[in-house]
Amino acid sequence: MKDREEVMENVATHEDWKTVFSELAPGLVLFARQWVRSAADAEDVVQDAFVKFWRRNHKIDNRGLLYATVRSVALDLIRRDSRRARREREAYSDFEQAVEPQFRTEDESERTLALAIDRLPHPQREVLVMKIWNELSFAEIGEALGVSQNTAASRYRYALTALKKDLLPQ
Amino acid sequence: MSDFTEIENELKKLRPIQPSAQLITRVERELAAVESDQKVVMPERFRTKWVWAGVGLAAAAMLLLFVHLRLDRSAQPQPKIVATSPPQQLARPGASVPSQARSTIVPPEFVPAAATQVVYRTEDEGLLFPTGSDQPVRRVRAQMRETLQWQNRTTGASLRVSYPTEEVRLVPVYGQ
């Protein structure tokens, strides 16, 4: 992700969607996983959202809008599902258990951290995922979620505070 | 935010699981299908292409219009003026006009070909009682343009007269 700026510049000039998509896909899928249970569903959401975004001729560096599209497609998927009532109940009232961000954990400390992230309230985890693994600015996060930049920053601070408290119990 | 540097660094070490290789293939296939349907244009190029397409279409339309007008003017014989008379003296096509009068107004080789009446304005001037009547009527004024056309079947020449007319109608009003 360190070359993200370079990739964005490349996209702006050469429209190489494959390069930028490869760069963004892991973060996008992780973001989509907050609403759907399986990686396969998350990939479906990302695919639909990216194609939709591309079709509408939005600038690819408008990441706030791209993530808003992913979020919108994911929520549409939940609503359209034939088991709508059950899925929505799981998605909204039991959100914390239903959503599991997927990480490659290599040791116990990473697994502990991943579990701590899972325990975060959904609004905080949403901002955390966009900030840490997608490198969005608070302005972009605010645009994607439809909240103010300050609200996004506050949620991020709450998330980090909660994680610190969770990992280093007094 | 400096208090959070350590936890942020820990978080950044966590790597999301990579999506399947099929994801890119699927997106590629989807975008190719869209492009083959010509439903999508690359974002940066879209506006420019659209603008140029619009300019091109407009230029083509202007050219066609110009050519059409020129051809129309050169191919169509100029109407031959065979009589100049006040409109009210002309025989209306289809109207019963004494044959003697007709022969003096419109040359006999011309036969009625068309008559149109276009109402372009009507105005309701309200209710009134005509003299000697106790029933109200509504006065409606209509402004129209009538066009009459005759044609010489031998030569194809046509005579067309167009003039404005005004008509006032008194429409009886009946109580409920």
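For the structure itself, look to the data block above.
Description of the structure in this document. Note that this is a predicted model, so its numbers are computed, not measured.

Focus: the overall build of chain A
The helix and strand tally for chain A stands at 10 helices and one strand. From first element to last, N terminus to C terminus, chain A shows the α and β order α-α-α-α-α-α-β-α-α-α-α. Residues counted as buried form 49% of the 170 residues belonging to chain A. At a minimum sequence separation of 6, the contacts of chain A that also span at least 24 residues come to 59%. As displayed, chain A offers around 8,100 Å² of accessible surface, 46% of which is attributable to carbon and sulfur atoms.

Some remarks on the pattern of salt bridges
Enumeration over the complete set of coordinates arrives at 14 salt bridges over all chains. Residues Glu43 of chain A and Arg26 of chain B are paired through a salt bridge, measuring 3.8 Å at the closest nitrogen-oxygen approach. A residue pair is termed interchain when its members come from two chains, as with Glu43 of chain A in helix H3 (residues 39-55) and Arg26 of chain B in helix H2 (residues 21-36). Salt bridges linked by common partners bring Glu125, Arg139, Arg141 and Glu166 of chain B together as one network.

A short note on the interface of chain B and chain A
Listed as interface residues are 32 residues of chain B and, on the opposing side, 41 residues of chain A. Of the roughly 3,700 Å² buried between chain B and chain A on both sides combined, carbon and sulfur atoms contribute 68%. Among the residues chain B hides against chain A, the three largest losses belong to Leu11, Leu14 and Pro16 of chain B. Together they make up 17% of the total. Viewed at the interface, chain A and chain B are joined by three salt bridges. One can count nine residue pairs in polar contact (both at pLDDT 80 or more) joining chain B with chain A. Secondary structure elements with two or more residues in the side of chain B that touches chain A: helix H1 (5-13), strand E1 (15-16), H2 and helix H3 (43-75) of chain B. Considering every element that reaches the side of chain B that touches chain A, the biggest residue donor is H2 of chain B, with nine residues.

Structural notes on the sheet that holds strand E2 (residues 110-128) of chain B
Sheet strands line up and pair through hydrogen bonds in the backbone, either parallel or antiparallel. Residue and element names in this part refer to chain B. Reading across the sheet, the three strands line up as E2-E3-E4 and stay open at both edges, with antiparallel pairing between neighbours. Because the sheet does not close on itself, it has two edges, and the strands there are E2 and strand E4 (158-172). When the angles between neighbouring strand axes are averaged without regard to direction, this sheet yields 15°. Relative to E4, strand E3 (residues 137-152) is paired through 15 bridges, and the arrangement is antiparallel. Directly across from Thr147, in E4, lies its bridge partner Ser162.

Looking at the layout of surface pockets
The rolling of a water-molecule-sized probe over the atoms marks out the regions of remaining empty space. Here the second largest pocket is characterised by a volume of approximately 290 Å³. Lining of the second largest pocket is provided by Asp107, Ser109, Glu110, Leu113, Lys164, Leu167 and Leu168 of chain A together with Asp3, Glu6, Ile7, Glu10 and Lys13 of chain B. Among the elements that take part in the lining of the second largest pocket, H1 of chain B stands out by supplying four residues, more than any other.

Analysis parameters
Residues numbered from 1 in each chain as written. Chains lettered and ligands numbered in written order. Predicted model: local features only at pLDDT ≥ 70, side-chain atom pairs only at ≥ 80, totals over all residues. Heavy atoms only, no water. Helix = DSSP H or I, 4+ residues; strand = E, 2+ residues; numbered from the N terminus. Buried < 20%, exposed > 50% of the residue type's maximum accessible area, 1.4 Å probe, protein only. Contact = heavy atoms within 4.5 Å. Areas by Shrake-Rupley, 256 points an atom, 1.4 Å probe, with all protein chains shown as cover. Salt bridge = Lys/Arg side-chain N within 4 Å of Asp/Glu carboxyl O. Buried area = accessible area lost by both parts, 1.4 Å probe. Polar contact = N/O pair within 3.5 Å; in protein donor to acceptor, adjacent residues only side chain to side chain. Pairing = 2+ DSSP bridges. Axes fitted to C-alpha atoms, helices over the stretch in contact; angles between N-to-C directions. 1 Å grid on protein atoms, 1.4 Å probe; cavity = no way out; pocket = protein on both sides within 12 Å on 5 of 7 lines; lining within 4 Å. Points joined across faces, edges and corners; volume = space filled by probe spheres on them.

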